[in-house]
Amino acid sequence: PETGCLSIIVLGASGDLAKKKTFPALYHLFKQGFLQSHEVHIFGYARTKLSDEGLRDRIRGYLSKGEDGESEDLVNFLHLIKYVSGSYDQEEGFVLLDKEISRHESLRNIQVGTSRRLFYLALPPSVYPSVCKMIRSYCMNQSDLGGWTRIVVEKPFGKDLSSAEELSSHLGELFTESQLYRIDHYLGKELVQNLLVLRFANRLFMPLWNRDNIANIQIVFREDFGTEGRGGYFDQYGIIRDIIQNHLLQVFCLVAMEKPVSLKPEYIRDEKVKVLQSVLPIAPEDVVLGQYDGYKDDPTVSQDSNTPTFASVVLRIHNERWEGVPFILKAGKALNSRKAEIRVQFKDVPGDIFKCQSQGRNEFVIRLQPSEAMYMKLTVKKPGLEMSTIQSELDLSYGQRYQGVQIPEAYERLILDTIRGDQQHFVRRDELKAAWEIFTPLLHKIDGGEIKSLPYKPGSRGPAEADELLAKAGYVQTHGY
Ligand code: BG6
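Since this is a predicted model, take the numbers as computed values, not measurements. (Residues numbered from 1 in each chain as written. Predicted model: local features only at pLDDT ≥ 70, side-chain atom pairs only at ≥ 80, totals over all residues. Heavy atoms only, no water.)

Draft legend 1. Local environment of unusual backbone geometry. Residue Pro 156 follows Lys 155 across a cis peptide bond; omega there is 5°. By the element assignment, Pro 156 lies in the loop between strand S5 (147-154) and helix H6 (161-174). The omega torsion across Gln 369 and Pro 370 is -15°, close enough to zero to call that bond cis. Residue position: Pro 370 is located in the loop between strand S12 (363-369) and strand S13 (373-381). (Helix = DSSP H or I, 4+ residues; strand = E, 2+ residues; numbered from the N terminus.)

Spelled out as structure tokens, the structure:
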């Protein structure tokens, strides 16, 4: 492993993402020994005028959940954090930031190793261009002894194909692709990372994973709360840009892509791009949009907003493996439950001698959250004297099977990947472009009011039309289990 000084700079340090995700993830890495005090320095940067202690006070509560607010780990971790305030588009702040980083690098005696600088942009997208320009001009690692500068960026990466390409070109002029880490935190989830293993390390699935055996696949995200406090942002983006075009599409890639040549990140990302490029244009009849009642009560939301808070979209892949198999990507806010899962439904058994088809089909469910699990719905003989059948499950629930194993937070894992220079779980530029190519025509139709969002009740399953779309796509509800 590389040694030498590691500076982690969180830009937007007093914002929500930094407080709720970035700093807690860094703290967990620190507690597990991945960030060594003698090598690491963490800098918060934002516009607010604050002291080091001021920033520490703001984040302390988010770190100490369930533990003593004065624990040794916490005190030691907070001690590593410094704060620099400055604007996002003026050089003074970045010159000062560079000076602070360099000062700490020299304290850490970088002669013995390399100087590594990781910039985490926990910022609104409007300031990305100027912040990146400033980092490029004033804050890059200049050490002759080697090391690196890496930039972590968060979605939204643009609003459609052309704005995303504009941002990509801008970043591409400033940094090389190997310096850019586009985070999609779904790629850091345990069961998402398990997908390649599941598909390519199990003989059982390989011959079945295709149009001959699979009837349809659903990738579903549900939340049981609305856009509280984020209405202003959300109304500009909507559920397709917020969840489907990135998180669900990344899961889709891993479910549908071909086997990569090896686990080399570039090979994996090549396959993801290929499957994205094989997706057919989305037909308007393959889309149902919804907006929950009460969404517009938020004063930051426009009164005539057509922004969907729910969407169900059928994707169809034009290739040898998947021709004719609908992939239903569905996401919604303010629904009846909080859950993210993949449901792979197999076709009916030909020549059913048990007359059991009406009970349901084989279905393989991968629950990403909460309570990570994989289970397979099977038809079995009903235990007893009679020869009749019932639906049952082969169940691998992580909580039971891996008791005591702490499943890492997505951000924790992805930040560690960034430090290690592993880009497998990050989105490459051409992948991002292909993702926008799929959704941009649809998004423009929605923005132009051509497709309307149907009302649904908060706490419901979403608009009934979405269930009709699912049935039309060939999904058969399982009964009697
Ligand atoms: C974010 C979205 O990217 O993901 C949010 O902007 C959403 O709207 C969140 O709530 C969901 O993440 P998770 O990990 O809680 O499923």
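Draft legend 2. Seen up close, the packing of helix H7 (residues 190-200) against helix H8 (residues 231-256). The N-to-C vectors of H7 and H8 enclose an angle of 10°; their axes lie 9 Å apart at closest approach. By the angle class used here, H7 and H8 are roughly parallel. Contact residues: Val 192, Leu 195, Leu 196 and Arg 199 in H7; Val 251, Leu 254, Val 255 and Ala 256 in H8. Each residue belonging to the contact of H7 with H8 can be placed in one class, and the counts come to 7 nonpolar, no polar and 1 charged. (Axes fitted to C-alpha atoms, helices over the stretch in contact; angles between N-to-C directions. Parallel < 35°, antiparallel > 145°, perpendicular 65-115°, else oblique. Contact = heavy atoms within 4.5 Å. Nonpolar A, V, L, I, M, F, W, Y, C, P; charged D, E, K, R; others polar.)

Draft legend 3. Quick look at the pattern of salt bridges. All told, the structure shown has 29 salt bridges when counted by the stated rule. For Arg 241, the salt bridge identified is with Asp 447, shortest N-O distance 2.9 Å. Here the residue Arg 241 occupies a position in helix H8, and Asp 447 occupies one in helix H12 (residues 429-447), the gap between them amounting to 206 residues. Measuring nitrogen to oxygen at the nearest pair gives 2.7 Å for the salt bridge that ties Arg 343 to Glu 363. (Salt bridge = Lys/Arg side-chain N within 4 Å of Asp/Glu carboxyl O.)

Draft legend 4. Highlighting the packing of aromatic side chains. Applying the stated criterion to the full structure yields 16 aromatic pairs. Between the aromatic rings of Tyr 45 and Tyr 88, the centroid separation amounts to 6.1 Å while the plane-to-plane angle is 50°, which identifies the pairing as tilted. Here the residue Tyr 45 occupies a position in strand S2 (residues 40-46), and Tyr 88 occupies one in the loop between strand S3 (81-85) and helix H4 (91-107), the gap between them amounting to 43 residues. For Tyr 45, a relative accessible area of 0% gives the class buried. In this structure Tyr 88 comes out as buried when scored by relative accessible area, which is 7%. Look at Phe 205 and Phe 364: their rings are 4.9 Å apart centre to centre, the planes differ by 25°, and that puts the pair in the stacked class. (Phe/Tyr/Trp six-rings, centres within 6.5 Å; stacked < 30°, edge-to-face > 60°. Buried < 20%, exposed > 50% of the residue type's maximum accessible area, 1.4 Å probe, protein only.)

Draft legend 5. Geometry of the sheet that holds S3. The sheet built from 6 strands is open, its strands ordered S3-S2-S1-S4-S5-S6 with parallel pairing. Looking at strand neighbours, the two that pair on one side only are S3 and strand S6 (180-183), the edges of this open sheet. Recorded for the sheet is a direction-independent mean angle of 20° between the axes of neighbouring strands. The pairing of strand S1 (residues 4-11) with strand S4 (residues 114-121) spans 8 bridges and is classified as parallel. Its bridge partner lying in S4, Ser 7 is registered against Arg 117. Helix-sheet contacts for helix H1 (residues 16-31) involve S1, S2, S3, S4 and S5, and the interaxial angle to S1 is about 165°. (Pairing = 2+ DSSP bridges.)

Draft legend 6. Just the site of the ligand, in detail. Taken together, 13 residues lie near the ligand, and Lys 155, Tyr 186, Lys 189, Glu 223 and Asp 242 sit nearest. In this structure, Lys 155 approaches the ligand through a side-chain N or O atom, which is 2.5 Å from an oxygen atom. At 2.5 Å from an oxygen atom of the ligand is found a side-chain nitrogen or oxygen belonging to Glu 223. For the ligand, the accessible surface in isolation is 400 Å², of which the surrounding protein chains cover 82%. The element best represented in the shell around the ligand is H8, accounting for 3 residues. Of the residues assigned to the shell around the ligand, the class counts are 3 nonpolar, 3 polar and 7 charged. (Near = heavy atom within 4 Å. Polar contact = N/O pair within 3.5 Å; in protein donor to acceptor, adjacent residues only side chain to side chain. Areas by Shrake-Rupley, 256 points an atom, 1.4 Å probe, with all protein chains shown as cover.)

Draft legend 7. Spotlight on the nonpolar core. Counting residues in each nonpolar core, the largest one holds 147 residues, and the members touching the most others are Phe 23, Leu 121, Ile 135, Phe 252, Leu 315, Phe 327 and Phe 439. Per-element accounting of this core gives the leading share, 13 residues, to H8. Excluding its chain neighbours within four sequence positions, the residues that come into contact with Leu 315 are Leu 249, Phe 252, Val 279, Ile 282, Val 325, Pro 326, Phe 327, Leu 329, Ile 438 and Phe 439. (Core = buried A, V, L, I, M, F, W, Y, C linked by side-chain atoms within 4.5 Å.)

Draft legend 8. Inspection of a nonpolar patch on the surface at higher detail. Together, Ile 353, Phe 354 and Met 387 line one region of the surface with nonpolar side chains, adding up to about 380 Å² of accessible area. Topologically, Phe 354 is positioned in the loop between strand S11 (339-346) and S12. Of the residues examined, Phe 354 reaches a relative accessible area of 48% and is grouped as partly exposed. (Patch = residues over 30% accessible without salt bridge, like charges linked within 9 Å, V, L, I, M, F, W, Y side chains within 5 Å.)

Draft legend 9. Here's a closer look at the sheet that holds S13. Strand order in this open sheet of 9 strands is S14-S13-S12-S11-S7-S10-S9-S8-S15, and the pairing throughout is mixed. Of all the strands in the sheet, just strand S14 (389-397) and strand S15 (454-456) have a single pairing partner and so form its edges. Each strand axis lies, on average, 20° off the axis of its neighbour in the sheet, ignoring direction. Of the strand pairs in this sheet, strand S7 (residues 214-222) and S11 are connected by 8 bridges, and their pairing is antiparallel. Pairing of Gln 218 across the sheet is with Arg 343, part of S11.

Draft legend 10. Quick look at helix H2 (residues 52-63). For H2, with 12 residues, the first-to-last C-alpha span of 16 Å sits near the 16 Å given by 1.5 Å per residue. Turning to H2, its buried residues number three or more, namely Gly 54, Leu 55, Arg 56, Ile 59 and Leu 63. The secondary structure elements touched by the buried residues of H2 are H1, S2, helix H3 (72-79) and S3. (Expected span 1.5 Å × (residues − 1).)

Draft legend 11. View of the environment of Val 127. Relative to the helices and strands, Val 127 resides in the loop between S4 and helix H5 (128-138). Under the relative-accessibility criterion, Val 127 is labelled buried at 15%. When the C-alpha positions of Val 127 and Tyr 88 are compared, they lie 6.7 Å apart, and in sequence the two are 39 residues distant.

Draft legend 12. How the structure looks around the side chain of Thr 389. Looking at the element boundaries, Thr 389 is found in strand S14. Given a relative accessible area of 14%, Thr 389 falls into the buried group. Dropping the residues within four chain positions of it, Thr 389 is found in contact with Phe 354, Cys 356, Gln 359, Thr 379, Val 380, Lys 381 and Lys 382.

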